[in-house]
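Each chain is listed here by its residues.
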Amino acid sequence: MSELLARLQKESKDKAIYRQALDHGLAYLDSLADRPAFPPATALEALHSLDEGLPDGPCETSAILRLLHEIGAPAAVAQGGGRYFGFVNGGVIPAALAARLLADVWDQNAALNIMSPIAAKLEALCETWLVDLLDLPKGSAAGFVSGTSTASLCGLLAGRNAILRRQGWDVGQRGLFGAPSIRLIMSEAVHGSVFKALAILGIGEAQIEVVAADDQGRFDARQLPQLDETSLLILQAGNVNSAAFDDFATICTAAERVEAWVHVDGAFGLWARACQATAHLTTGIELADSWSVDAHKTLNSPYDCGIVFCRDRLTLLQALQATGSYLQFSEERDGMLYTPEMSRRARGIELWALLKALGRAGVDELVAQLCARARQFAEELARRRFRILNDVVFNQVLVACEKPELTRATLSAIQSSGECWCGGSEWRGEPVIRISVCSWATTEADVKRSVAAFSAARSQAISMI
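Values in this document were obtained by computation on a predicted structure and should not be read as measured data.

Visitor: Tell me what's going on with the overall build of the chain, and back it up with residues and numbers.
Guide: Helix and strand counts for the chain stand at 14 helices and 12 strands. A compact globule built from 465 residues should have a C-alpha radius of gyration of about 23 Å, and the chain, at 24 Å, falls within 12% of that. Summarising its shape, the C-alpha atoms of the chain cover approximately 70 × 60 × 45 Å along the three principal directions. In the structure as shown, the chain presents an accessible area of about 21300 Å², 55% of it carried by carbon and sulfur atoms.

Visitor: How would you sum up the sheet that holds strand β2 (residues 141–145)? Please name residues and give values.
Guide: Taken together, seven strands build an open sheet; the order of strands is β2-β8-β7-β6-β5-β3-β4 and the sheet is mixed. At either end of the open sheet lies a strand with only one pairing partner, and these are β2 and β4 (208–211). On average, each strand axis in the sheet is inclined to that of its neighbour by 20 degrees, with strand direction left out of account. Packing of helix α10 (residues 248–258) onto the sheet brings it into contact with β5 (231–236) and β6 (261–265), and relative to β5 it is tilted by some 170 degrees.

Visitor: Could you give an account of the packing of helix α6 (residues 117–133) against helix α12 (residues 348–383), with specific residues and numbers?
Guide: The geometry of a pair of packed helices is captured by two quantities: the angle between their axes and the separation between those axes. Relative to each other, α6 and α12 sit at 30 degrees, their axes nearing to 9 Å. As summarised for this structure, α6 and α12 are arranged roughly parallel, according to the angle between their axes. Here the hand of the crossing between α6 and α12 comes out left-handed. Taken together, the residues of α12 that come into contact with α6 (itself represented by Leu122, Glu123, Leu125, Cys126, Trp129, Leu130, Asp132 and Leu133) are Gly348, Ile349, Leu351, Trp352, Leu355, Lys356, Arg360 and Val363. For the contact of α6 with α12, the class distribution of residues is 11 nonpolar, one polar and four charged.

Visitor: Would you mind going over the layout of surface pockets in detail, with residue names and values included?
Guide: Left-over empty space is what a probe sized like a water molecule reveals as it rolls over the atoms. Of the pockets and cavities examined, the largest pocket occupies roughly 1200 Å³. Surrounding the largest pocket, 38 residues form its lining, Gly25, Tyr28, Leu29, Leu97 and Leu101 being those nearest its centre. Looking at the lining of the largest pocket, the elements with two or more residues in it are α2 (16–31), α4 (61–72) and α5 (94–106). Of the residues contributing to the lining of the largest pocket, the split by class is 24 nonpolar, 12 polar and two charged. Space inside the second largest pocket adds up to approximately 480 Å³. Lining the second largest pocket are 27 residues; nearest its centre among them are His191, Gly192, Gln236, Val240 and Asn241. Among the secondary structure elements, those contributing two or more residues to the lining of the second largest pocket are α7 (148–166) and α9 (192–200). Looking at the lining of the second largest pocket, its residues break down into nine nonpolar, 11 polar and seven charged.

Criteria and thresholds
- Residues numbered from 1 in each chain as written.
- Predicted model: local features only at pLDDT ≥ 70, side-chain atom pairs only at ≥ 80, totals over all residues.
- Heavy atoms only, no water.
- Helix = DSSP H or I, 4+ residues; strand = E, 2+ residues; numbered from the N terminus.
- Rg over C-alpha atoms; globule rule 2.2 N^0.38 Å.
- Areas by Shrake-Rupley, 256 points an atom, 1.4 Å probe, with all protein chains shown as cover.
- Pairing = 2+ DSSP bridges.
- Axes fitted to C-alpha atoms, helices over the stretch in contact; angles between N-to-C directions.
- Contact = heavy atoms within 4.5 Å.
- Parallel < 35°, antiparallel > 145°, perpendicular 65-115°, else oblique.
- Left-handed = near helix turned anticlockwise from the far one by under 90°.
- Nonpolar A, V, L, I, M, F, W, Y, C, P; charged D, E, K, R; others polar.
- 1 Å grid on protein atoms, 1.4 Å probe; cavity = no way out; pocket = protein on both sides within 12 Å on 5 of 7 lines; lining within 4 Å.
- Points joined across faces, edges and corners; volume = space filled by probe spheres on them.

Here it is, written out as structure tokens:
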């Protein structure tokens, strides 16, 4: 036996490296409350110590883990803490993190039931639970993918193929060259990932009809063009800046009359439907044909947990069809039929654990808490004479100072402080500070501390301008 294989067998048998990794991970979790929201310059500079060529021979695993703990952990962004408000990243619920650790040890491939019966079973349960939780049409199918970008791609793919099929064109048989035209209708305020999805699907700018957005970033239903059976509409449950929700009831009803396809990009906002206090924001969303959402956004699963829902199960299956003589399909759920990937990790395991840990009441409370902290942010910042530029209906707050240059300088000072971290954006022609309250760990005290950091950053910016 080679020295390498002997070492691998020893590591697998004595488990010391797994205990070491867990100890390092727990130490990181213990430090979250006191860590800066973004790594300091010293930690980022230390990353250069990792620069080297590929080693010629094996390295000791314990030394690798120690290096990750000593150099990697200080340079990690504390998005699981209570004072990180960037990019709608979200935190992670302990039950889901623990289940993911266990699932990673199992190392299951969720492509086929025969590859992992447990992964298939939990995906099937998650589909049933989520369709019920979100009050989507009974029988809707769910595919578990990497994130909302991929979920939107799948929903739009299903919609494109369904529209062409109604016109007598089978994409699976005839491809896209020479296919009938499709009208793609969306608001000027759609998320950037939508354009990537459309480009992958072969839908060009000439096929896109852009509708104006209102002052909150909603699809202006008054500007809805005349629809027909070739129309594919994209709506939003939660504008990426303001978190505003489109008028689903009006637009979906108009689409339903002519059999147009409606896809809802609900990356973080679709979860509003699972909360009594915010469910009204999604009235009419059940009339759509497909929906995309991220479980790590708002629901706080670990990363890599997007979901596509489709009202017509067969349409999704046909869009993501797969064949191969070596494949062994079953009467149970075969996950690869609902996703673009074949081989993929069993992300449904931690999602099931998360849903079981929270239950319907827990999801309601989680969403309500995020919204409450966002309102607290807006109210306390307004009292300190910051401008709040959006109607705070969900978890997003758009903040500005008196002048654009002061807003930019204040944001820079906030990001450098480490007290909290927010991203920047542009809203109706001016720069803004974008607060995304996404983590279960954010408390009232975290918001107060962050508001104080805003004030200190603004004072610093004034002295420097």
